[in-house]
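Listed here are the chains, written in short residue letters.
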Amino acid sequence: MVPRLVDATLAQDPVTELRRRTCAGLRGRVLEIGFGSGLNVGCLPPAVEAVDAVEPSDVGWSRSAVRRGASAVPIRRTGTDGQRLAAGAASYDAVLVTFTLCTIPDAAAAAAEVRRVLRPGGTCCFLEHGLAPQPRVAAWQRRLEPTQRTVVGGCHLTRDPPALLTAAGLTLAELDQSYLPGPAAGRPWSYLSLGRAVLG
């Protein structure tokens, strides 16, 4: 259900434009954690040489076939678990995570793995939803999170993606946080963090 839900809700034009901004900093050999149905494939810049994809869902991987087939960048599936990456240390120039850290059971372990596989000077480009700064919205996120986790494949509403990455030892080079346009009732789901974290 989750891959189909992601396609329905996160393939809209405003989100695609944010994906393009997120992917603009990618180069060289890239690892994407939470590849899903390949919604980022069309946003990859020319500087990307190859993408290794971590995707736990066979349904998601199958749904990405057309996008992968149309890509000029070689893409291969290299694992299913973002908490235990099947890659050696310092293997990648960049890591891409979009709408992924919310669902990984141990997000801190995944962030530590991002740091491990990045080469010195490498970049983690991220676009994630998470804990809102307004107390009223955050309170609703806490109320809704148990249902969200049950219905949407373990998705958390109250994680802080930039904090997870900095706690793992990365340094924030860019960060833009805002709500997606739309009704205020959607704010528990729409507070986004877009940025780059660097391994110094």
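The notes below deal with the structure included here.

Reading the values: rules and limits
Residues numbered from 1 in each chain as written. Predicted model: local features only at pLDDT ≥ 70, side-chain atom pairs only at ≥ 80, totals over all residues. Heavy atoms only, no water. Helix = DSSP H or I, 4+ residues; strand = E, 2+ residues; numbered from the N terminus. Rg over C-alpha atoms; globule rule 2.2 N^0.38 Å. Buried < 20%, exposed > 50% of the residue type's maximum accessible area, 1.4 Å probe, protein only. Contact = heavy atoms within 4.5 Å. Areas by Shrake-Rupley, 256 points an atom, 1.4 Å probe, with all protein chains shown as cover. Lys, Arg positive; Asp, Glu negative; His and termini not counted. Charge placed at Lys NZ, Arg CZ, Asp CG, Glu CD. Core = buried A, V, L, I, M, F, W, Y, C linked by side-chain atoms within 4.5 Å. Phe/Tyr/Trp six-rings, centres within 6.5 Å; stacked < 30°, edge-to-face > 60°. Lys NZ or Arg CZ within 6 Å of the ring centre and 35° of its normal. Pairing = 2+ DSSP bridges. Axes fitted to C-alpha atoms, helices over the stretch in contact; angles between N-to-C directions. Arc of directions from axis to C-beta. Salt bridge = Lys/Arg side-chain N within 4 Å of Asp/Glu carboxyl O.

## Some thoughts on the overall build of the protein
Link 1 in the chain: Along its length, the protein carries 8 helices and 7 strands.
Link 2 in the chain: Expected size for 200 residues packed as a compact globule is a radius of gyration near 16 Å; at 16 Å, the protein falls within 12% of this value.
Link 3 in the chain: In terms of its C-alpha atoms, the protein occupies a principal-axis envelope of roughly 45 × 35 × 25 Å.
Link 4 in the chain: When each of the 200 residues of the protein is scored for burial, the buried share is 50%.
Link 5 in the chain: At a minimum sequence separation of 6, the contacts of the protein that also span at least 24 residues come to 70%.
Link 6 in the chain: Split by element, the accessible area of the protein, about 9,300 Å² in all, is 55% carbon and sulfur.
Link 7 in the chain: Taking the average place of the 22 positive charges on the side chains of the protein and the average place of its 17 negative ones, the gap between the two points comes to 3 Å.

## A few points about the environment of G169
Link 1 in the chain: You can see G169 is positioned in the loop between helix 7 (161-167) and strand 6 (171-179).
Link 2 in the chain: Accessibility expressed as a relative area gives 36% for G169, which makes it partly exposed.
Link 3 in the chain: Residues G169 and V198 lie 29 residues apart in sequence; the distance between their C-alpha atoms is 9.0 Å.
Link 4 in the chain: The residues touching G169, leaving out its near neighbours within four places in the chain, are R115 and L199.

## Let's talk about the nonpolar core
Nonpolar side chains in soluble globular proteins generally cluster together in the buried interior.
Link 1 in the chain: In this structure, L31, I33, V95, C124 and L170 are the most contacted members of the largest nonpolar core, which totals 22 residues.
Link 2 in the chain: Going through the elements one at a time, strand 1 (28-33), strand 4 (92-98), helix 5 (107-117) and strand 5 (118-129) are the ones with two or more residues in this core.
Link 3 in the chain: Take this core: its biggest share by element is 4 residues, from helix 5.
Link 4 in the chain: Leave out the neighbours within four places in its chain, and C124 touches V95, V97, V114, L118, L165, L170, G195, R196 and A197.
Link 5 in the chain: Ranked by size, the runner-up nonpolar core spans 16 residues in total, among them L44, V51, V73 and L96.

## Things to note about the packing of aromatic side chains
Link 1 in the chain: Summed over the entire model, instances satisfying the criterion amount to 2 aromatic pairs.
Link 2 in the chain: Taking the centre distance of 5.0 Å and the plane angle of 65° together, the rings of Y179 and Y191 count as edge-to-face. Here the residue Y179 occupies a position in strand 6, and Y191 occupies one in strand 7 (residues 191-198), the gap between them amounting to 12 residues. The pair formed by Y179 and Y191 is uniform in burial state, with each residue classed as buried.
Link 3 in the chain: Its end group placed over the ring of Y179, R187 keeps NZ or CZ at 4.5 Å from the ring centre.

## Considering the sheet that holds strand 6
Link 1 in the chain: Reading across the sheet, the 7 strands line up as 3-2-1-4-5-7-6 and stay open at both edges, with mixed pairing between neighbours. Lying at the two open borders of the sheet, with one neighbouring strand each, are strand 3 (75-79) and strand 6. Direction aside, neighbouring strands of the sheet carry axes that sit 20° apart on average.
Link 2 in the chain: Relative to strand 7, strand 6 is paired through 8 bridges, and the arrangement is antiparallel.

## Observations regarding helix 5
Link 1 in the chain: Regarding helix 5, the residues found buried are A107, A110, A111, E113, V114 and V117. Each buried residue of helix 5 lies within a common arc of 155° when the element is viewed along its axis, so the set occupies one face.
Link 2 in the chain: Packed against the buried residues of helix 5 are strand 1, strand 4, strand 5 and helix 7.

## Remarks on the side chain of S37
Link 1 in the chain: Relative to the helices and strands, S37 resides in the loop between strand 1 and strand 2 (48-54).
Link 2 in the chain: Judged by relative accessible area, S37 falls into the buried class, the value being 4%.
Link 3 in the chain: Ignoring anything within four residues of it in the chain, the contact list for S37 reads D7, G60, R63, S64 and R67.

## So, the pattern of salt bridges
Link 1 in the chain: Following the criterion strictly, the structure yields 10 salt bridges and no others.
Link 2 in the chain: With a shortest N-O distance of 2.8 Å, D52 and R76 are connected by a salt bridge. Here the residue D52 occupies a position in strand 2, and R76 occupies one in strand 3, the gap between them amounting to 24 residues.
Link 3 in the chain: For R84, the salt bridge goes to D81, with nearest N and O atoms at 2.9 Å.
Link 4 in the chain: Through salt bridges with shared partners, one network takes in R27, D93 and R119.

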